[in-house]
Amino acid sequence: MTVLGADVWPPDPIRTTRLVLREAEARDRAAVIEINASPEVGAYVGGPRPRAELERVVPEVPGRRPGWFVVELDGAMIGTVQLEPHAPEAPGSEHRRAAGRTDLGYLFLPEAWGHGYAFEACAAALDWFSGVRPGEPVVLYTQTANVRSMRLAAKLGFTELERFEAYGAEQWFGVRSPVR
């Protein structure tokens, strides 16, 4: 995979019916801390992080790297979507590593759940990615206990390749192959 670079990042803001996906700014820091400190958000990603730790480690402009989008609704950040290189140290077989080299990730504030924002934002980010990296599949991991995330993966067109144990829980691993 070619890592997203200056040739494609940052893109112009991506606008959907209700949302804007854009590069991170300093004004997003408080919401990033809120998301990562939330017990609800942390339930399936290793637990919430202590707010004091986040205040120390979250940079002034959080997530300033290629593939990391802020999701904005009516001028306020409600979540993030990431399309980032598949971590080589991530648990998994060669089969999983060979399926795709870009991971889709997303985190949303609990008050944004249940309104279709995650689907709308992820679909827009995946469409953008298909345009800048045509033919490249995208992979996604989620705990099988995370029913909402499992439904979202299916709705976005991810198909299950396998399940495995990691981080003390059963994980679902899927791939979304590009439309040809």
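Since this is a predicted model, take the numbers as computed values, not measurements. (Residues numbered from 1 in each chain as written. Predicted model: local features only at pLDDT ≥ 70, side-chain atom pairs only at ≥ 80, totals over all residues. Heavy atoms only, no water.)

Undergrad: Tell me about the pairing of strand β5 (residues 102-108), and name the residues and values.
TA: Within β5, six of the seven residues are buried, which leaves the element mostly enclosed by the surrounding structure. As paired elements, strand β4 (residues 76-85) and β5 share seven bridges and run antiparallel to each other. Looking at β5, one finds that Val 81 is bridged to Tyr 106. (Buried < 20%, exposed > 50% of the residue type's maximum accessible area, 1.4 Å probe, protein only. Helix = DSSP H or I, 4+ residues; strand = E, 2+ residues; numbered from the N terminus. Pairing = 2+ DSSP bridges.)

Undergrad: Report on the environment of Thr 17, specifying residues and quantitative values.
TA: Residue placement: Thr 17 occurs in the loop between β1 (14-15) and β2 (19-22). For Thr 17, a relative accessible area of 78% puts it in the exposed group.

Undergrad: I'd like to hear about the packing of aromatic side chains, residue by residue, with values.
TA: Per the stated rule, a full pass over the model turns up five aromatic pairs. Aromatic side chains Trp 9 and Phe 69 sit 5.0 Å apart centroid to centroid with 75° between the ring planes, which places their arrangement in the edge-to-face category. Placement of the pair is Trp 9 in the segment before β1 and Phe 69 in strand β3 (residues 68-73), with a sequence separation of 60 residues. With a centroid separation of 5.8 Å and an interplanar angle of 75°, the aromatic rings of Trp 9 and Trp 128 are classed as edge-to-face. On the criterion of sequence distance, the pair formed by Trp 9 in the segment before β1 and Trp 128 in helix α5 (residues 117-132) is long-range, its members being 119 residues apart. In this structure Trp 128 comes out as buried when scored by relative accessible area, which is 14%. Clustering of aromatic rings is evident, with ring pairs tying together Trp 9, Phe 69 and Trp 128. In this structure, Lys 155 packs its charged tip against the face of Phe 119, placed 4.4 Å from the ring centre. (Phe/Tyr/Trp six-rings, centres within 6.5 Å; stacked < 30°, edge-to-face > 60°. Lys NZ or Arg CZ within 6 Å of the ring centre and 35° of its normal.)

Undergrad: Explain helix α1 (residues 29-37) to me, using residue names and the numbers behind them.
TA: Turning to α1, its buried residues are Ala 31, Val 32, Ile 33, Ile 35 and Ala 37. On its buried face, α1 is in contact with α2 (39-42), α3 (51-57), β3, β4 and β5. (Contact = heavy atoms within 4.5 Å.)

Undergrad: Let's hear about the side chain of Thr 102: which residues, and what values?
TA: For Thr 102, the position within the fold is in strand β5. Taking relative accessible area as the criterion, Thr 102 reaches 1% and is therefore assigned buried. Side chain to side chain, Thr 102 and Glu 136 meet in a polar contact 2.7 Å long. (Polar contact = N/O pair within 3.5 Å; in protein donor to acceptor, adjacent residues only side chain to side chain.)

Undergrad: Now, about the nonpolar core: what can you tell me, with residues and values included?
TA: A general tendency of soluble globular proteins is for nonpolar side chains to be buried together. One finds Leu 21, Val 81, Leu 104, Phe 108, Trp 128 and Phe 158 to be the most contacted residues of the largest nonpolar core, which totals 33 residues. At nine residues, α5 tops the list of elements feeding residues into this core. In this structure Leu 104 touches Val 81, Gln 82, Leu 83, Cys 122, Leu 126, Val 138, Val 139, Leu 140, Leu 156 and Phe 158, once residues within four positions along its chain are discounted. Counting residues in each nonpolar core, the second largest holds 13 residues, with Ala 31, Val 41, Val 58 and Leu 109 among its members. (Core = buried A, V, L, I, M, F, W, Y, C linked by side-chain atoms within 4.5 Å.)

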